[in-house]
Amino acid sequence: MATSPAPPKPTAPPKPTWLPGPKDEPPFPWLRPTIRIRLTLLYGGMFLIAGILLLSIIYLLAAQALNVGSELPFKIVNNGSTVNIVSNVCSFPSNPSDSQLNDALNACVNQQRQHALDVLLSRSLMALLGLAIIAFAFGYAMAGRVLSPLGRITRTARRVAGTDLTRRIELDGPDDELKELADTFDEMLDRLERAFTAQQRFVGNASHELRTPLAINRTLLEVHLSDPGAPVELQQLGKTLLATNERSEQLVEGLLLLARSDNQIVERKPVNLAEVASQALDQARSEADEKGVEIRGERKEAVVQGNGVLLERIALNLVQNAIRYNIPEGGWVEVDTEAQHGQAVLLVANTGPVVPAYEIDNLFEPFRRLRTERTGSDKGVGLGLSIARSVARAHGGRIAAEPREGGGLVMRVTLPL
């Protein structure tokens with residue numbers, strides 16, 4: 001009887017290539033030139049050298065102060081019958097007795113000792129001050145040399161924050177903690193770059209795959225609605241489906257724009273906020289006329305570096321929200337632009353319902369509206385303020401909302417000049 005072959009053993013999935021592999025340990029781990037060992041040797045050696053220098057200087061100063069090898073500060077002169085002591089430094093009595101001579105000699109020696117100590121102290125302080133200045137300067141230079149890899153890591157991280165994911169540290173030098181940190185950071189950047197590239201590819205594919213069927217549906221619905229012989233019920237259903245399809249297209253466009261605007265703007269050009277706001281008002285003027293909303297404000301020149309299409313989307317979203325969420329009669333929307341304190345400001349204020357201060361932050365969340373459901377509204381898809389905040393952040397700016405006294409909101413967008 002033939003035996004069936006044993007099923008193959010399941011193999012483990014391959015490990016991701018971005019994971020750091022095991023590193024070969026040196027034969028003597030305690031000899032590894034780590035940062036701790038290098039700093040210990042550096043500062044210990046500096047302390048030893050400074051101590052040797054200070055002891056040598058003090059020894060030389062002490063020898064100089066004590067006048068080693070020089071003559072005594074007094075001379076004994078024997079005139080035959082009398083013995084006199086002559087000195088240019090100390091004063092001795094003439095024809096002194098033994099006790100007077102001993103006292104005079106003690107006073108002279110004490111005076112010279114005190115003078116030598118004073119000179120030694122003053123010169124030692126000067127030497128200590130000079131050594132301190134040299135030690136601080138040398139320590140500052142050496143600390144900068146030791147910490148220079150951290151500065152390189154910081155500069156690379158700052159460039160990466162500007163969406164330049166192609167940057168790498170590639171730190172050279174001994175295999176210490178800083179090089180290990182730099183290698184780990186490079187591996188993380190590799191993974192982030194792959195994830196970011198995959199996200200961009202997904203956004204591009206989703207843009208095509210989602211827009212195409214919606215465009216086909218819109219075309220088919222428009223063809224059926226153009227048929228004059230279609231029943232009234234089918235025409236009404238077609239209009240409803242066309243409005244739903246249009247809402248889906250707006251939702252897809254908003255989601256794709258939100259995904260693209262969450263990143264920093266790489267290519268920047270001079271953009272005048274006054275022109276951006278004027279173009280947004282031209283697009284929304286017909287809607288404002290239908291709702292009886294007055295457009296006013298003063299638009300002064302304020303040039304920023306950024307993407308004109310995205311900045312126009314900020315202004316258009318804010319203006320459309322201000323028009324749609326307004327009072328039925330006598331409403332107005334004020335749009336102002338100006339440059340102040342090194343920033344360009346876009347201000348959009350409107351009349352409208354009273355907005356509680358605690359609900360301001362919720363307005364910037366996707367699909368959130370004031371006291372309305374997430375779906376089923378004819379005022380938009382709930383992504384306008386979310387897109388505006390993402391675009392403002394991508395340009396290095398911010399957007400803030402404040403409740404207006406009497407109802408409505410004041411939206412302030414600030415961008416660096």
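Refer to the structure printed above.
In this report, we go over the structure that sits alongside the text. No experiment lies behind these values; they were computed from the predicted model shown.

## Re empty space enclosed by the protein
Then comes step 1: Applying the stated criterion across every chain yields a total of one cavity of 30 Å³ or more.
Then comes step 2: Lining of the largest cavity is provided by Leu273, Leu311, Ile314, Leu346, Val413 and Leu415.
Then comes step 3: Mapped onto the lining of the largest cavity, the elements with two or more residues apiece are helix H6 (308-324) and strand E9 (409-416).
Then comes step 4: Broken down by class, the residue content of the lining of the largest cavity amounts to six nonpolar, no polar and no charged.

## Details of the packing of H6 against helix H7 (residues 384-394)
Then comes step 1: In the contact formed by H6 and H7, the axes pass within 9 Å of each other and the chain directions differ by 145°. Along this stretch, H6 crosses H7, giving a crossing that reads as left-handed. Each of Leu310, Leu311, Arg313, Ile314, Asn317, Leu318 and Asn321 in H6 lies in contact with H7, whose residues at this interface are Gly384, Leu385, Ile387, Ala388, Val391 and Ala392.
Then comes step 2: Grouping the constituent residues of the contact of H6 with H7 by class yields nine nonpolar, three polar and one charged.

## Quick word on the packing of aromatic side chains
Then comes step 1: As enumerated under the stated definition, the model contains zero aromatic pairs in all.
Then comes step 2: The ring of Trp332 is capped by Arg296, whose NZ or CZ atom sits 3.9 Å from the centre of that ring.

## Regarding a positive patch on the surface
Then comes step 1: A cluster of like positive charges, contributed by Arg152, Arg155, Arg158 and Arg159, occupies part of the molecular surface.
Then comes step 2: Mapped onto the elements of the fold, Arg152 is located in helix H2 (residues 98-161).
Then comes step 3: Using a relative accessible area of 32% as the deciding quantity, one classes Arg152 as partly exposed.

## Some points on a nonpolar patch on the surface
Then comes step 1: Taken together, Leu121, Leu125 and Leu128 make up a surface patch of nonpolar side chains, about 300 Å² in accessible area.
Then comes step 2: Among the structural elements, Leu121 can be located in helix H2.

## A look at the pairing of strand E7 (residues 343-350)
Then comes step 1: Burial analysis of E7 places six of its eight residues in the buried class, which makes it a mostly covered element.
Then comes step 2: With eight bridges connecting them, strand E6 (residues 332-340) and E7 associate as antiparallel partners. If you follow Val335 over to E7, its bridge partner there is Val348.
Then comes step 3: Between E6 and the antiparallel strand that follows it, E7, lie two residues; His341 among them carries a positive phi value of about 55°.
Then comes step 4: Sheet topology places E7 next to E9; seven bridges connect them, and they run antiparallel. Paired with Leu347 across the two strands is Arg412, which belongs to E9.

Parameters and conventions
- Residues numbered from 1 in each chain as written.
- Predicted model: local features only at pLDDT ≥ 70, side-chain atom pairs only at ≥ 80, totals over all residues.
- Heavy atoms only, no water.
- 1 Å grid on protein atoms, 1.4 Å probe; cavity = no way out; pocket = protein on both sides within 12 Å on 5 of 7 lines; lining within 4 Å.
- Points joined across faces, edges and corners; volume = space filled by probe spheres on them.
- Helix = DSSP H or I, 4+ residues; strand = E, 2+ residues; numbered from the N terminus.
- Nonpolar A, V, L, I, M, F, W, Y, C, P; charged D, E, K, R; others polar.
- Axes fitted to C-alpha atoms, helices over the stretch in contact; angles between N-to-C directions.
- Left-handed = near helix turned anticlockwise from the far one by under 90°.
- Contact = heavy atoms within 4.5 Å.
- Phe/Tyr/Trp six-rings, centres within 6.5 Å; stacked < 30°, edge-to-face > 60°.
- Lys NZ or Arg CZ within 6 Å of the ring centre and 35° of its normal.
- Patch = residues over 30% accessible without salt bridge, like charges linked within 9 Å, V, L, I, M, F, W, Y side chains within 5 Å.
- Areas by Shrake-Rupley, 256 points an atom, 1.4 Å probe, with all protein chains shown as cover.
- Salt bridge = Lys/Arg side-chain N within 4 Å of Asp/Glu carboxyl O.
- Lys, Arg positive; Asp, Glu negative; His and termini not counted.
- Charge placed at Lys NZ, Arg CZ, Asp CG, Glu CD.
- Buried < 20%, exposed > 50% of the residue type's maximum accessible area, 1.4 Å probe, protein only.
- Pairing = 2+ DSSP bridges.

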